[in-house]
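Structural characterization, general
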Amino acid sequence: MFRLENNAFANVQCPDLANFGDCRVINCIFNHDVKRRRSSDEAVVASKRVKTDTPSPDFKAVKDLTFIITKALTTGVSLPRGQRLEYAKQIAEHIRKKKLSETPNRSAVDKEHIFAVESKDLQEYQKKVEDYLGNEKEKKVEPKFIMPREVNPSPDMLPQRKKFIEHIVAAIRRNQPENKTPILDGIDEEFKIACQCPGKASYAHSIKRRIYEINHPEKLKPKGQKKYSNKELLGELRRNIIDREKLIKYGFIMDFPEKIAEFKQERVCRRCKAEFKLEDALKEVDCRYHAGKPLKNDQNERIYLCCQGALGANDTEPCAQWNRHVFHWDGPEELHKAQPFVRTQDIWGTKKGSLEAVGIDCEMGYTDYGFELLRITAIDFFTGEEAFDILVKPKGTVIDLNTRWSGVAEIKPEAVTFEDSIALLGEIIDSNTILVGHGLENDMNAMRLIHDKIVDTAVLYPRNKTSPTFRFALKQLAFRYLGRNIQIGQHDSGEDSIAAIDVTKYFLQKDMERRAQESQHIDQAPPSGGAVFRNRQKDTSEVPSKKSIEQEAN
């Protein structure tokens, strides 16, 4: 309000001041010489005004977070993201049980970030969180019975987990006679693995490998093998970033595709090869097909991996059946129309606190909107800890979640939208983060991301033995170079991410060792200017075989 030039109301008592005890009008035209009411009347005043006053924004209901993800830390202190995420979840559960907030997830993220910012190192951070949760460290007491600690979700049935703990305890007693609490330590060892490996296959493998390590501590660090720092590994990893031209040859989309007006209606089923119309994608049919890929057996005959049936034989009946046809979008243009591609530089940029490198793996399933993203898993390249794992709600109606290969059995309520999943992923990585994986062109296409810092094990390894038309499977690389048997039973994206990371580290270390030997050889060579010829030695580093690991477990 504004005063009149003649101050017509200057001598009139302010109605609000008389009736309610205060006036909230800026530059009020009335007189305010009357004394304000005392606090005894203020409660009555508030009750009178509550019906007419607009509620303050502070009192608006705040929606809680559906997914807990820790905030980026810019203090320079190195704290494992996996542990930060686990602590944030524990804080949220603590807040929920104590009913300290109506938005426990949001409050937990803020509270955990405060603890992280105020801590000078990992030990101080752990103490702050433990003190808040009331988890005081107690003196180790050996339990009388073996009982696995609760894990949600549990990687296996309780009897099987208990059996694994028994094997771990036996290995500890056999190799660590000075240990006074083998049962307690065995329970703790199993619990750590159960938390890190939610998949049944990766959990069983990790348990067996841990038993092998306890039984053979001398083999944990092969003699003569140099331990490289994270800085050295990162430098070597950057040397392995695939150039743009090569990425394009291997199917990566590095430029925005051309826009098209409409999808073509004619489709071919990815399974049975039958033709159908796009508008009939949800129509029930009898789709019969072979679930496994064709390969050559020992007799050099092409057979189906799923049922061993001969490829192309008239008497080979399809071994699988579904009630609808499935399809992929044809080419980058249709992918771009269904869900536009974006550059990570544009949507994420660069920011302090992002992870330098992650192993990433996506899972997809079939809907009437093509082959859609269902899950994103990211593993910290250096620590092997889970940095990100989220379920994605598809845009179309589900036809087949492809559970055998995706590991996704249902679309749970906590699943987030496609756009939110990409935004959340950008909270832990940015456009400078190196993405490590196997066959990453499929994952990048599913996420519709254009990113130029890629290390793909399917493209790079083994050295000089791959092409755009031939690549080794991750299962083959893991078994050959790591002595690890993966992808047993239901698929696990975390297991694949870790395998791709470890295969990459194996080759990075070999490259660094080779260059160090070359440098040393050159330094020791006589200054004659003559060429030095050398035979490259075959890798003989000892890797435990699957058979030896399982023998230790049994």
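Residues numbered from 1 in each chain as written. Predicted model: local features only at pLDDT ≥ 70, side-chain atom pairs only at ≥ 80, totals over all residues. Heavy atoms only, no water.

Assignment of secondary structure puts Leu85 in helix H3 (residues 81-98). The exposure class assigned to Leu85 is buried, which follows from its relative accessible area of 11%. (Helix = DSSP H or I, 4+ residues; strand = E, 2+ residues; numbered from the N terminus. Buried < 20%, exposed > 50% of the residue type's maximum accessible area, 1.4 Å probe, protein only.)

Let us now look at helix H8 (residues 200-215). Spacing of three or four residues puts side chains on the same side of an α-helix, whose turn is 3.6 residues. The terminal C-alpha atoms of H8, which comprises 16 residues, lie 23 Å apart, in line with the 22 Å expected from a rise of 1.5 Å per residue. Burial in H8 covers these residues: Ala201, Ser202, Tyr203, Ala204, His205, Ile207, Lys208, Ile211, Tyr212, Ile214 and Asn215. (Expected span 1.5 Å × (residues − 1).)

So, about the pairing of strand S8 (residues 357-367). When you tally the buried positions in S8, you get 11 out of 11 residues, the bulk of the element. A two-sided burial pattern is seen for S8, the buried positions comprising Ala357, Gly359, Asp361, Glu363, Gly365 and Thr367 on one face and Val358, Ile360, Cys362, Met364 and Tyr366 on the other. Both S8 and strand S12 (residues 434-437) contribute to a ladder of 3 bridges, which runs parallel. Residue pairing in the sheet places Ala357 in a bridge with Ile434 of S12. Sheet analysis places S8 next to strand S9 (residues 370-380), joined by 10 bridges and oriented antiparallel. Note that in S9 the partner of Ile360 across the bridge is Ala378. Once S8 ends, the chain turns through 2 residues before running back antiparallel as S9. By the bridge criterion, 2 bridges tie S8 to strand S11 (residues 398-400) in an arrangement that is antiparallel. Within S11, the position partnered with Thr367 by the bridge is Val398. (Pairing = 2+ DSSP bridges.)

Right, let's get into the environment of Thr377. Along the polypeptide, Thr377 turns up in strand S9. Between the C-alpha atom of Thr377 and that of Gly494, which follows or precedes it by 117 residues, the distance is 6.3 Å. Only 3.4 Å separates the side chain of Thr377 from the side chain of Arg375, close enough to count as a polar contact. (Polar contact = N/O pair within 3.5 Å; in protein donor to acceptor, adjacent residues only side chain to side chain.)

This next bit is on the pairing of strand S10 (residues 386-391). Each regular strand carries side chains that alternate between the two faces of the sheet. The pairing of S9 with S10 spans 5 bridges and is antiparallel. Bridging from a neighbouring strand, Thr377 pairs with Asp389 of S10. Connecting S9 to the antiparallel partner S10 that follows it, the hairpin turn spans 5 residues, and Gly384 within it adopts a positive phi of roughly 75 degrees.

The subject of this paragraph is the pattern of salt bridges. Applying the stated rule across the entire model yields 27 salt bridges. Glu213 is the partner of Arg209 in a salt bridge, and the nearest nitrogen-oxygen pair spans 4.0 Å. Here the residue Arg209 and the residue Glu213 both occupy positions in helix H8, the gap between them amounting to 4 residues, near one helical turn. One salt-bridge network, held together by shared partners, links Glu189, Arg209, Arg210 and Glu213. (Salt bridge = Lys/Arg side-chain N within 4 Å of Asp/Glu carboxyl O.)

It is worth spelling out the confidence of the model for the protein chain at this point. In the predicted model, the protein chain carries a mean pLDDT of 80, and 76% of its residues have values of at least 70. For the protein chain, the element scoring lowest by mean pLDDT is helix H2 (residues 39-49), at 39; strand S14 (residues 454-456) scores highest, at 97. Taken together, the stretch residues 1-5 has pLDDT below 50 and engages in 11 contacts with residues farther than four places along the chain or on a different chain. Contacts of residues 530-543 to residues separated by more than four positions or lying in other chains number 13 contacts, the stretch itself having pLDDT below 50. (pLDDT = per-residue confidence, 0-100. Contact = heavy atoms within 4.5 Å.)

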